[in-house]
Amino acid sequence: MSGHDHDEDAIALRVEALESLLAEKGLVDPAAVDEVIRHYEEDVGPMNGARVVARAWLDPAYKARLLADGTAAVAELGYAGREGAHVRVVENQPGVHNVVVCSLCSCYPWSLLGLPPSWYKSPAYRSRVVREPRAVLAEMGLDLSPSVEIRVWDSSAEVRYLVLPERPPGTDGLSEEELAALVSRDAMIGVARG
Amino acid sequence: MNGIHDMGGLHGFGRVEVEANEPVFHTRWEARVFGMVQSLPGGNIDAGRHSLERLDPVAYLRNGYYGRWLAAMERSLIAFGVVTEDDIRARMRGRRRRSKAIRPVRNESSTAWQREPVASYARQVDRPPLFRGGQAVRTRNHQPAGHTRLPAYARCRRGTIVSVHPAMVYPDDHAHGRGENPQYLYTVRFDGRELWGGSAEPSTVVHLDLFEPYLEPA
């Protein structure tokens, strides 16, 4: 996207007009809009989910709580927020791989991963990953053996899903921070291994 | 409603295109739309989703994610009489005459927007759930003209209950101003072959979170 073509300019102008009308009516405070944007650009993002994963890798008791009641366990680390009222964490294991989608809109665990990437919201991902997850994952670079069961979680209500990836081999002795740095957003959606 | 938003299982959308190092927002207007929608009072997530679903199907596909948010927000504001199309156009003409509109200055210590406590969707009801974990169920042929969270691909399909959740706000009613009418929610597992027949990939299952009225005993 150029961001500078005619349509984009017209939309930008329309949005600006709308915001100024709503500000005049007292329905929107531009400073509040700034703060929302800052929050989602800076405070929330995959680093939150990565810390949850790293903690679960290090602390078996935390992992047990996380899998039993994701909502309460992520709240322990302070990660409560919009699109995170009900959290379920699903665990990858040898022979089982999990992947998350929302085929009806683009539901996503904002409080743990931030706002979703464009591909997650695309018609291609939403339409295909429920029907042919193996093919979609392979296209995205994750080739799974046919013996691995793929479990797709289509977020059709207010439960938001986070994948707990398998801890990579050779990471003994790493700190929580070092482990968190190994966890990608895509692994927590389920389209990558690590 | 049977609309373009209900994309699960559709063919023809091609490869999943991944943008490397994607920013949170691609343009300023996307960020402003997101921020406005989040800070506007009186949000109802179910009504909001339904207004996205009711966009013209061509616009739904063409506008992209935040374009849809913008169109749905405008539709609601106009429907509630907050603004008119003429107001918006007049304001656009006024803005265009000024060379560059003054951007709101970010106030780093702003407390204008406070993160609200997270609102749970769970509700107490005085009846037990109809189904239990491990039970075989079948989805009903439920296809209302209004909002629903039962995707078309999972209608009239056999599955197994894997989790019984508390009762939660029922989107099919809440989206239409008919109150919360809480219903038990279940995570239901469907075998790929049950959903996709002979075209299913081997060893794949799909889980959906489905409300009790969508289900009947198998």
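These numbers were taken from a predicted model, which means no experiment stands behind them.

Enquirer: What should I look at first to understand the interface of chain A and chain B in this one?
Expert: Interfaces are frequently sized by the accessible area removed from exposure as the parts join. Listed by partner, the interface residues are 71 residues for chain A and 71 residues for chain B. Elements represented by at least two residues in the side of chain A that touches chain B include exactly α1 (6-24), α2 (30-43), α7 (118-121), α8 (123-128), α9 (133-139) and β3 (149-154) of chain A. Sort the elements by how many residues they give to the side of chain A that touches chain B and α1 of chain A lands first, with 13 residues. By residue class, the composition of the side of chain A that touches chain B is 38 nonpolar, twelve polar and 21 charged. As judged from the five bridges shared by β3 of chain A and strand β5 (residues 204-211) of chain B, these two strands associate in the parallel manner. Residue pairing across strands places Asp 154 of chain A opposite Leu 208 of chain B, the latter belonging to β5 of chain B.

Enquirer: Just to check I follow, could you spell out the pairing of β5 of chain B for this structure?
Expert: Residues in a regular strand point their side chains to alternate faces of the sheet. All names here are of chain B. With respect to burial, β5 is a largely interior element, eight of its eight residues being buried. Burial along β5 is two-sided: the residues Thr 204, Val 206, Leu 208 and Leu 210 and Val 205, His 207, Asp 209 and Phe 211 are all buried. In the sheet, strand β4 (residues 183-191) pairs with β5 via seven bridges, with the strands oriented antiparallel. Within the sheet, the bridge partner assigned to Thr 187 lies in β5 and is Asp 209.

Enquirer: Can you help me understand the environment of Gly 146 of chain B in this one?
Expert: Residue and element names in this part refer to chain B. Mapped onto the elements of the fold, Gly 146 is located in the loop between β2 (136-139) and β3 (158-168). Along the chain, Gly 146 and Asn 2 lie 144 residues apart, while their C-alpha atoms are 8.7 Å from each other. Contacts of Gly 146, omitting those with residues within four sequence positions, involve Met 1, His 50, Asp 172, Ala 175 and His 176.

Enquirer: Explain the packing of α2 of chain A against helix α1 (residues 28-39) of chain B to me, please; I cannot follow it from the model alone.
Expert: Two measures define how a pair of helices packs: the angle their axes make with one another and the distance between the axes. Where α2 of chain A meets α1 of chain B, the closest approach of the two axes is 8 Å, and the angle between their N-to-C directions is 110 degrees. Put simply, α2 of chain A runs roughly perpendicular to α1 of chain B. Every residue of α1 of chain B that contacts α2 of chain A at Ala 32, Val 33, Val 36 and Ile 37 of chain A is listed here: Ala 31, Arg 32, Phe 34, Gly 35, Met 36, Gln 38 and Ser 39 of chain B. For the contact of α2 of chain A with α1 of chain B, the residue count by class is seven nonpolar, three polar and one charged.

Enquirer: How do you make sense of the environment of Asn 48 of chain A when you look at a structure like this?
Expert: All names here are of chain A. Summarising the element assignment, Asn 48 is placed in helix α3 (residues 46-58). Looking at Asn 48, the number of C-beta atoms within 10 Å reads 24, which means it is buried. Along the primary structure Asn 48 and Asp 29 are separated by 19 residues, whereas in three dimensions their C-alpha atoms are 28 Å apart. Ignoring anything within four residues of it in the chain, the contact list for Asn 48 reads Tyr 79, Ser 111 and Leu 112.

Enquirer: How should I be thinking about α2 of chain A in this particular structure?
Expert: Turn by turn, an α-helix covers 3.6 residues, leaving residues three or four places apart pointing in a common direction. The end-to-end C-alpha distance of α2 of chain A is 19 Å, a good match for the 20 Å that 14 residues give at a rise of 1.5 Å each. Residues of α2 of chain A that are buried include every one of Pro 30, Ala 32, Val 33, Asp 34, Glu 35, Val 36, Ile 37 and Tyr 40 of chain A, and no others. Those residues of α2 of chain A that are buried are in contact with α1 of chain A together with α1 of chain B.

Enquirer: Looking at this model, I keep getting lost on the packing of α1 of chain B against helix α3 (residues 57-79) of chain B. Mind explaining?
Expert: Residues and elements named next belong to chain B. Between α1 and α3, the least distance of the axes is 9 Å, while the angle of their chain directions is 50 degrees. Relative to α3, the element α1 lies oblique. Both α1 and α3 take part in a crossing whose hand is left-handed. Contact residues: Glu 30, Val 33, Phe 34, Met 36 and Val 37 in α1; Tyr 66, Trp 69, Leu 70 and Met 73 in α3. In terms of residue class, the contact of α1 with α3 is made up of eight nonpolar, no polar and one charged.

Enquirer: It is not clear to me how the domain arrangement of chain A should be interpreted in this structure. Could you clarify?
Expert: Domains assigned within chain A are domain 1 (6-42) and domain 2 (45-189). The centre of domain 1 of chain A, based on its C-alpha atoms, is set 31 Å off from the matching centre of domain 2 of chain A.

Enquirer: Please clarify how the domain arrangement of chain B should be interpreted in this entry.
Expert: Residue and element names in this part refer to chain B. The assigned domain composition of chain B is domain 1 (1-115) and domain 2 (127-217). When each unit is reduced to the centre of its C-alpha atoms, the spacing between domain 1 and domain 2 is 29 Å. Tallying the contact residues gives eleven residues for domain 1 and twelve residues for domain 2. A per-class count over the side of domain 1 that touches domain 2 returns two nonpolar, five polar and four charged.

Enquirer: What is the right way to look at the nonpolar core in this model?
Expert: The tendency in soluble globular proteins is for nonpolar side chains to be buried side by side. The biggest cluster of nonpolar side chains holds 92 residues, and the ones touching the most others in it are Val 53, Val 99 and Val 152 of chain A. Top contributing element to this core by residue count: α3 of chain B, with seven residues.

Thresholds applied
- The numbers attached to residues start from 1 for each chain and follow its sequence in the written order.
- The naming scheme follows written order: chains are lettered A onward, ligands numbered 1 onward.
- Local features are withheld for residues below a pLDDT of 70 in this predicted model, meaning they are given only at 70 or higher, and side-chain atom pairs are given and counted only at 80 or more; totals for whole chains, interfaces and linings count all residues.
- Placing C-beta atoms from the backbone, we regard two residues as in contact once those atoms come within 7 Å.
- Counting from the N terminus, the helices are DSSP H or I runs at least four residues long and the strands are E runs at least two residues long.
- Here the term charged refers only to Asp, Glu, Lys and Arg, the term nonpolar to Ala, Val, Leu, Ile, Met, Phe, Trp, Tyr, Cys and Pro, and the term polar to all other amino acids, Gly among them.
- We treat two strands as partners when DSSP finds at least two bridges between them.
- Burial in this document is a count-based property: other C-beta atoms within 10 Å of a residue's C-beta are tallied, and the residue is buried at 20 or more, exposed at 12 or fewer, or partly exposed in between, with C-beta positions derived from the backbone.
- Geometry is summarised by axes, namely lines fitted to C-alpha atoms with helices restricted to the contacting stretch, and by angles between N-to-C directions that run from 0 to 180 degrees.
- Here is the rule for angles: anything less than 35 degrees is roughly parallel, anything more than 145 is roughly antiparallel, 65 through 115 is roughly perpendicular, and the remaining ranges are oblique.
- For a helix, the expected span equals 1.5 Å multiplied by the residue count minus one.
- Crossings are sorted by hand: turned counterclockwise from the far helix by less than a right angle, the near helix makes the crossing left-handed, and turned clockwise it makes it right-handed.
- Domain ranges listed in this record stem from an automatic or a database domain assignment.
- Note on terminology: a nonpolar core is any set of buried Ala, Val, Leu, Ile, Met, Phe, Trp, Tyr and Cys residues joined through C-beta atoms within 7 Å.

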